[in-house]
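Coordinates in review
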Amino acid sequence: MQSSVTNPARSSDFQRAFLALRYFFGARGEALAEPLAAVGLKPASADTLRGLCHEERSERAQVLAVELGRLATALDERSLWR
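Predicted model only: the values in this text are computed from it and were never measured.

Here the focus is the packing of aromatic side chains. Centre-to-centre distance and the angle between the planes together describe a pair of aromatic rings. On inspection of all chains with the given rule, the structure shows two aromatic pairs. Measuring from centroid to centroid gives 5.9 Å for Phe14 and Phe18, while their planes differ by 20°, and the two rings are stacked. With Phe14 and Phe18 both in helix α1 (residues 12-24), this residue pair falls four residues apart, about one helical turn. In this structure Phe18 comes out as partly exposed when scored by relative accessible area, which is 24%. On the basis of an interplanar angle of 85° and a centroid distance of 5.1 Å, the ring pair of Phe24 and Phe25 is categorised as edge-to-face. Here Phe25 falls in the exposed class, since its relative accessible area comes to 68%.

See below:
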């Protein structure tokens, strides 16, 4: 029997939001993506990881702001804030 449920961890959107939230809550470096190792990072997620590991703080802040903005927009579109 084949399941119709997909693994959200395989979604690029989920992975980018996951990385951003882990960074926001204090995870740093390659450890950000360790929980996703079993499913593998999508290319866009790998770009986000590189941005969050950038040596320049301003670059990391910009990447984090973009990803948190996407997450806030997604939550708002689904009326999860209300």
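So that's the structure; there's more coming.
Core analysis: the biggest nonpolar cluster contains 12 residues, these being Ala9, Leu19, Ala20, Tyr23, Ala27, Leu32, Ala33, Leu36, Leu49, Leu52, Val63 and Leu64. Looking at this core, the elements that each hand over two or more residues are α1, α2 (43-52) and α3 (57-77). A total of three residues in this core trace back to one element, the largest contributor, which is α1. Ignoring sequence-local partners within four residues, the contact set of Ala27 consists of Arg22 and Leu32.

About the criteria used
Here the residue numbers are simple positions, counted from 1 along each chain's written sequence. Where local features are concerned, this predicted model is filtered to residues with pLDDT of at least 70; where side-chain atom pairs are given and counted, the filter is 80 or more; whole-chain, interface and lining totals use all residues. Only hydrogens and water are set aside when side-chain values are computed; all heavy atoms of the structure are taken into account. When two rings of Phe, Tyr or Trp (its six-membered ring) have centres within 6.5 Å they constitute a pair, described as stacked for plane angles under 30 degrees, edge-to-face for angles over 60, and tilted for the intermediate range. Numbering of helices and strands runs from the N terminus; a helix is a DSSP stretch of H or I covering at least four residues, while a strand is a stretch of E covering at least two. Think of it in three bands: residues with accessible area under 20% of the maximum for their type are buried, residues over 50% are exposed, and the middle band is partly exposed, with areas taken using a 1.4 Å probe on protein chains only. Buried residues of nine kinds, namely Ala, Val, Leu, Ile, Met, Phe, Trp, Tyr and Cys, make up a nonpolar core once their side-chain atoms join them within 4.5 Å. By the convention used here, residues are in contact when the closest approach between their heavy atoms is within 4.5 Å.

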